[in-house]
Amino acid sequence: MNLNHYSMSRRTFVATLAAALSAVWLAPGTVRAAQKALIRKTIPGTGEALPVIGLGSSRTFDIGRDQAVLNNLVEVMQAFFANGGQLIDSSPMYGSAEQVIGELLQRSGPQNKLFAATKVWTDGEQDGIRQMEDSLKKWRIDRFDLMQIHNLRDWQVHLKTLHDWKATSKIRYIGITTSHGRYHDELETILRNEPFDFVQLSYNIEDRSVEQRLLPLAAERGIAVLVNRPFQRGALFGKVKGQTLPDWAAEIDCNSWGQLFLKFTVSHPAVTCAIPATTKLHHMQDNMAAGFGQLPDATMRKRMVDFYATL
Ligand SMILES: NC(=O)c1ccc[n+]([C@@H]2O[C@H](COP(=O)([O-])OP(=O)(O)OC[C@H]3O[C@@H](n4cnc5c(N)ncnc54)[C@H](OP(=O)(O)O)[C@@H]3O)[C@@H](O)[C@H]2O)c1
């Protein structure tokens, strides 16, 4: 991608809601200290706005029935909503995560702002339908906002079902996912030929392969982009261990490596929302802080890449 031609997309806007938010979100774990504006981007197909920081659930929410861990996650989830979070991503692949999300939603609220995203991850039409209905029960909700085909699995079969579900308002958006560079060629062909609302893929300051083709294609086709593995599954923190945050991080309202990594990812013009996963309240607060204030422009993004290359 030519960073010189970067411009904030017309699909992108920074909503100046800080004053209103400060009056509403007073729960523990709220970031708002500096009264910065919540950053939202719009879903191309509808113009619906979403906060740029969402929440993943792979491994972190697969906790079985451990009540002590669950109690801790209630606080984590409360901090997510308290800081404007809306989009939660899961999958039947993630063990007990969907059931745990259902419990957390009951105990955390406010769910009126929830944007529920899960996946279908099985073979065959009937098994796909059964799995999606099972996910609804686990989340304890009436409808998913976004249903994604996980890792392209049996995608032709599920896509037909998802079109039917969308036509009858059982879901609002259709998506497809991959991660860490798998199936990029096949995904590109699918996105060129099928009308998806969302694509989910891996993108971070270390793994930038999707900048070449998939992100430009998503922008061209008007497909919203969810980013998984924004921390390269946590590996990015190992790279900066012991390193001082550069002074210029303050120019983009970052006071941690986590915020810097997330702001790099969500400032790509084609990206709609990143879905970092965490089990820790202070990490959740850190991640949500990346959803406020200034985003890097093209010059700053290049500076970030150049800096990261020196580590
Ligand atoms: N094919 C697919 O569809 C696919 C594939 C992969 C992932 N996903 C989705 O994307 C989500 C995110 O990806 P991921 O979970 O693999 O990786 P990730 O979000 O890049 O990294 C998660 C790791 O980062 C740590 N972390 C989070 N916030 C931190 C912070 N502020 N400071 C320091 N460490 C922090 C977490 O540990 P702590 O618990 O200690 O905070 C966790 O170990 C998944 O949960 C899942 O929902 C989808």
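Residues numbered from 1 in each chain as written. Predicted model: local features only at pLDDT ≥ 70, side-chain atom pairs only at ≥ 80, totals over all residues.

**Digging into the overall build of the protein**
The criterion, for reference: Runs of E in the DSSP output that reach at least two residues are strands. Runs of H or I that reach at least four are helices, and both are numbered from the N terminus. Whether a residue is buried, exposed or partly exposed follows from its count of other C-beta atoms within 10 Å of its own C-beta, namely 20 or more, 12 or fewer, or something in between, respectively; the C-beta atoms are built from the backbone.
Scanning the protein from N- to C-terminus turns up 11 helices and 10 strands. Counting every position in the protein, which comprises 311 residues, the buried fraction comes to 44%.

**Regarding the nonpolar core**
Quick reminder of the rule: Note on terminology: a nonpolar core is any set of buried Ala, Val, Leu, Ile, Met, Phe, Trp, Tyr and Cys residues joined through C-beta atoms within 7 Å. Contact criterion: two residues are in contact if their C-beta atoms, reconstructed from the backbone, are within 7 Å.
Counting 79 residues, the largest nonpolar core has Phe-80, Met-147, Phe-198, Val-199, Val-225, Val-227 and Ala-274 as its most contacted members. If one sorts the elements of this core by residue count, helix 2 (residues 67-82) sits on top with 7 residues. Beyond its immediate chain neighbours, meaning those up to four positions away, Val-225 contacts Val-199, Leu-215, Ala-218, Ala-270, Val-271 and Thr-272.

**Considering the site of the ligand**
Inclusion rule: Residues are classed as near a molecule or strand if the C-beta position derived from their backbone is within 6 Å of it. Basically, the charged four are Asp, Glu, Lys and Arg, the nonpolar ten are Ala, Val, Leu, Ile, Met, Phe, Trp, Tyr, Cys and Pro, and anything else, Gly included, counts as polar.
In the vicinity of the ligand lie 29 residues, with Gly-56, Ser-179, Asn-228, Gly-258 and Ala-277 positioned nearest. Of all the elements, helix 10 (residues 281-289) adds the most residues to the shell around the ligand, at 3 residues. Grouping the constituent residues of the shell around the ligand by class yields 6 nonpolar, 18 polar and 5 charged.

**Brief notes about the pairing of strand 9 (residues 224-228)**
Threshold: Being paired, for any two strands, means DSSP has found at least two bridges between them. Clockwise travel from the first strand over the helix to the second, with the strands pointing away from the viewer, marks a crossover as right-handed.
Along strand 9, 5 of the 5 residues are buried, which leaves the element largely enclosed by surrounding structure. Here strand 8 (residues 198-202) pairs with strand 9 via 5 bridges, running parallel. Bridge assignment links Ser-202 to a residue of strand 9, and that residue is Asn-228. Tracing the backbone out of strand 8, into helix 7 (residues 214-221) and back to the parallel element strand 9 gives a crossover that is right-handed. The pairing of strand 9 with strand 10 (residues 273-274) spans 2 bridges and is classified as parallel. Each residue of the ladder has a partner; that of Leu-226, found in strand 10, is Cys-273.

**With respect to the packing of helix 4 (residues 125-139) against helix 5 (residues 155-167)**
Just so we agree on the cut-off: For helices, the fitted line uses only the C-alpha atoms of the stretch in contact; every axis is such a line through C-alpha atoms, and the angle between N-to-C directions lies from 0 to 180 degrees. Convention used here: angles under 35 degrees read as roughly parallel, angles over 145 as roughly antiparallel, angles from 65 to 115 as roughly perpendicular, and any remaining angle as oblique. Throughout, a crossing is termed right-handed when the near helix is turned clockwise from the far one, and left-handed when it is turned anticlockwise from it by less than a right angle.
Look at helix 4 against helix 5: their axes get within 9 Å of each other, and the N-to-C directions meet at 55 degrees. As judged from the angle between their axes, helix 4 and helix 5 are oblique. The two elements helix 4 and helix 5 meet at a crossing, and its hand is right-handed. Taken together, the residues of helix 5 that come into contact with helix 4 (itself represented by Glu-125, Gly-128 and Ile-129) are Val-157, His-158 and Thr-161. Of the residues in the contact of helix 4 with helix 5, the class split is 2 nonpolar, 3 polar and 1 charged.

**As for the environment of Ile-43**
Looking at the element boundaries, Ile-43 is found in the loop between strand 2 (39-42) and strand 3 (49-51). Apart from residues lying up to four places away in sequence, Ile-43 is in contact with Glu-48, Leu-50, Ala-224 and Thr-272.

**With respect to the pairing of strand 2**
Inspection of the sheet shows strand 2 paired to strand 3 by 3 bridges, in the antiparallel sense. Its bridge partner being in strand 3, Lys-41 is matched across the sheet by Leu-50.

**Quick look at the sheet that holds strand 10**
The 7 strands lie next to each other as 4-5-6-7-8-9-10, forming an open sheet whose pairing is parallel. Each having just a single partner strand, strand 4 (87-89) and strand 10 make up the two edges of the open sheet.

**Considerations on helix 2**
Under the convention used in this document: Given a helix with a known number of residues, its expected span is that number minus one, times 1.5 Å.
With 16 residues, helix 2 should cover 22 Å at 1.5 Å per step; its first-to-last C-alpha distance of 22 Å lies within 8% of that length. Restricting attention to buried positions, one finds in helix 2 the residues Leu-73, Val-76, Met-77, Gln-78, Ala-79, Phe-80, Phe-81 and Ala-82. Immediately downstream of helix 2, the backbone of Gly-84 shows phi near 90 degrees, a positive value.

**Re the packing of helix 9 (residues 257-266) against helix 10**
Contact geometry for helix 9 and helix 10: axes closest at 8 Å, N-to-C directions at 40 degrees. It follows from the interaxial angle that helix 9 and helix 10 lie oblique. Helix-helix and strand crossings are classified by hand; for helix 9 and helix 10 the assignment is right-handed. When helix 9 is examined against helix 10, the residues Gly-258, Gln-259 and Leu-262 are found in contact with a partner set consisting of His-283, Asp-286, Asn-287 and Ala-289.

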